[in-house]
Amino acid sequence: MTRPLPADPAGARQAEDPQQPGPARPPERSGPSPGAVVGALVEQARSGSPRAVARLITLVEDASPLLREVMAALAPHAGRAHVLGITGSPGVGKSTVTSALVGAYRGRGSRVGVLAVDPSSPFSGGALLGDRIRMQQHGLDPEVYVRSMASRGHLGGLSWTTPQALRVLDSAGCDVVLVETVGVGQSEVEVAGLADTTLVLLAPGMGDGVQAAKAGILEVGDVFVVNKADREGADVTVREIRAMISLGDRSEPGLWRPPVVKTTAVQAADAGIAELVLDIDRHLTWLTSTGALRVRRIRRAAEEIEAIAIQTLRSRIEDLPRGARLEALAAEVVDGRTDPYRAADQVTAALT
Ligand code: GDP
């Protein structure tokens, strides 16, 4: 299968090119042990090699047999990055705001990772971000890793690949990782499960307030961003969102009350972005001081473990010997010789 190139002009493309010198590739048959190869890659990634980071994320996307070693090597370095989820309907300006945020974080010297996730598409690659002119301004900055990922249809969606790619970026020393959803629908809410802080973007005049309430993204928003504040109706949208937030029970002392920030991300001055960064910082302080950060991260890790376990079980079911094979059992169910529960019992019994 040919896989489109990752969207990291500075590093990923070269990392995929066997002619290029770069971090060690996994051995074919002989050569250094997988552990040594992975160890070297992780070292290079941590010392700031975009190529090594790109190579590690490719191992995630390919569900490489080396992943076990990769994750073991990364584990001691995890948990430093502030993970931001950026969600909202297509066209509200997620990619523009993401790019403006990258600029703001780079301005204060942070190392930044960006994952643009399209869970509705089975293809990954540069096309997704390639068109995104604003992001290209960061393309040559070695302290910014930008990567498009598509996961649906590959190994079961956001729940599998994205957290692992996040781990790579986190352990590689990113101070902030922005996860932007490109697709539509459920992913808007799903991304919140991955993030420490979720930004919900809205734009004036799109009936977004109502849409947001319907899609359930009001509940997941830690910071609301009314982008395109240069357009008419921004203040109305801000009021709408404030009113909806105050309907929730978040006004109790000690609870986080999501701020609503207005931004104009296309202006040279990126109006509102500095305020947005301050609110994001405030949220991190709140998360840390209340212990909510740990709670969220434990929930996230639990989902990750579950996804890996389910994936492992799924492949073991596929590997079952002929008598217990799923298709054979399915035929028996279709013929009325057994029922699906008994068939499932046989499958699970064969796994132990
Ligand atoms: P996404 O689909 O949510 O990622 O949205 P994009 O970032 O691709 O932006 C969609 C369109 O809105 C683009 O044409 C942007 O230039 C434009 N846009 C983004 N932010 C603003 C803004 O603050 N004001 C105005 N007027 N347009 C904006």
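Look up: the structure comes first, before these words.
It should be emphasised that the depicted structure is a prediction, and the values quoted were computed from it without experimental measurement.

This paragraph deals with the overall build of the protein chain. Counting secondary structure elements, the protein chain contains 16 helices and seven strands. Within the protein chain, the fraction of its 352 residues that count as buried is 40%. Of all intrachain contacts in the protein chain linking residues separated by at least 6 positions in sequence, the fraction that spans at least 24 positions is 74%.

By nearness alone, 15 residues border the ligand, and Gly93, Lys94, Ser95, Thr96 and Lys228 come closest of all. In terms of residue class, the shell around the ligand is made up of four nonpolar, seven polar and four charged.

Attention now goes to the environment of Thr237. Along the chain, Thr237 turns up in helix α12 (residues 234–247). Judged by C-beta crowding, with 26 C-beta atoms within 10 Å, Thr237 ranks as buried. For the pair formed by Thr237 and Asn227, sequence separation is 10 residues and the distance between their alpha carbons is 10.0 Å.

Next up on the list: the pairing of strand β5 (residues 197–202). Within β5, six of the six residues are buried, which leaves it mostly tucked inside the rest of the structure. Residues of β5 alternate between two faces, with Thr197, Leu199 and Leu201 on one and Thr198, Val200 and Leu202 on the opposite face, all of them buried. In this structure, β5 lies alongside strand β6 (residues 223–226), joined through four bridges in parallel fashion. What sits directly across from Leu202, in β6, is Val226.

Interaxial distance between helix α5 (residues 94–107) and helix α13 (residues 273–290) falls to 10 Å at its minimum, and their mutual angle equals 75 degrees. Regarding the angle of α5 to α13, the classification is roughly perpendicular. Contacts between α5 and α13 involve Ala100, Leu101 and Ala104 on the former and, on the latter, Ile273, Ala274 and Val277. Classifying every residue of the contact of α5 with α13 by side-chain character gives six nonpolar, no polar and no charged.

For α12, spanning 14 residues, the distance from its first C-alpha to its last is 20 Å, which sits close to the expected 20 Å at 1.5 Å a residue. Along α12, the positions that sit buried rather than exposed are Ala234, Thr237, Glu240 and Ile241. Seen end-on, α12 carries its buried residues on one side only, within an arc spanning 120 degrees. More than 90 degrees from the buried face of α12, the exposed residues found are Asp235, Ala243, Ser246 and Leu247.

Turning to the nonpolar core, a few remarks are in order. Core analysis: the biggest nonpolar cluster contains 69 residues, and Val53, Leu56, Leu169, Val177, Val179 and Val225 have the highest contact counts within it. By residue number, the principal contributor to this core is helix α3 (residues 50–61), which donates seven residues. When near neighbours in sequence (up to four residues on either side) are disregarded, Val225 contacts Val97, Leu199, Val200, Leu201, Val261, Thr263 and Leu276.

Looking now at unusual backbone geometry. Backbone geometry places Ala63, a non-glycine residue, at a positive phi of 50 degrees. Although it is not a glycine, Lys228 adopts a positive phi angle of roughly 60 degrees. Locating Lys228 in the fold gives a position in the loop between β6 and α12.

Those residues of helix α4 (residues 67–74) not exposed but buried are Glu69, Val70, Ala73 and Leu74. Buried positions in α4, seen along its axis, are confined to an arc of 130 degrees and lie on one side of it.

Moving on, we get to the packing of helix α2 (residues 34–46) against α3. What describes two packed helices is the angle between their axes and the distance between those same axes. At a closest axis distance of 7 Å, the pairing of α2 and α3 adopts a crossing angle of 130 degrees. By the criterion of interaxial angle, the relationship of α2 to α3 is oblique. Seen along the crossing, α2 lies across α3 with a hand that is left-handed. Contacts from Leu41, Gln44 and Ala45 of α2 reach α3 at Ala52, Val53, Arg55 and Leu56.

Looking now at the environment of Val83. Tracing the sequence through the fold places Val83 in strand β1 (residues 82–87). Judged by the 24 C-beta atoms lying within 10 Å of it, Val83 falls in the buried class. The spacing of Val83 and Asp175 is 92 residues in sequence and 8.6 Å in space, taken between C-alpha atoms.

Basis of the calculations
Residues numbered from 1 in each chain as written. Predicted model: local features only at pLDDT ≥ 70, side-chain atom pairs only at ≥ 80, totals over all residues. Helix = DSSP H or I, 4+ residues; strand = E, 2+ residues; numbered from the N terminus. Buried ≥ 20, exposed ≤ 12 C-beta atoms within 10 Å, placed from the backbone. Contact = placed C-beta atoms within 7 Å. Near = placed C-beta within 6 Å. Nonpolar A, V, L, I, M, F, W, Y, C, P; charged D, E, K, R; others polar. Pairing = 2+ DSSP bridges. Axes fitted to C-alpha atoms, helices over the stretch in contact; angles between N-to-C directions. Parallel < 35°, antiparallel > 145°, perpendicular 65-115°, else oblique. Expected span 1.5 Å × (residues − 1). Arc of directions from axis to C-beta. Core = buried A, V, L, I, M, F, W, Y, C linked by C-beta atoms within 7 Å. Left-handed = near helix turned anticlockwise from the far one by under 90°.

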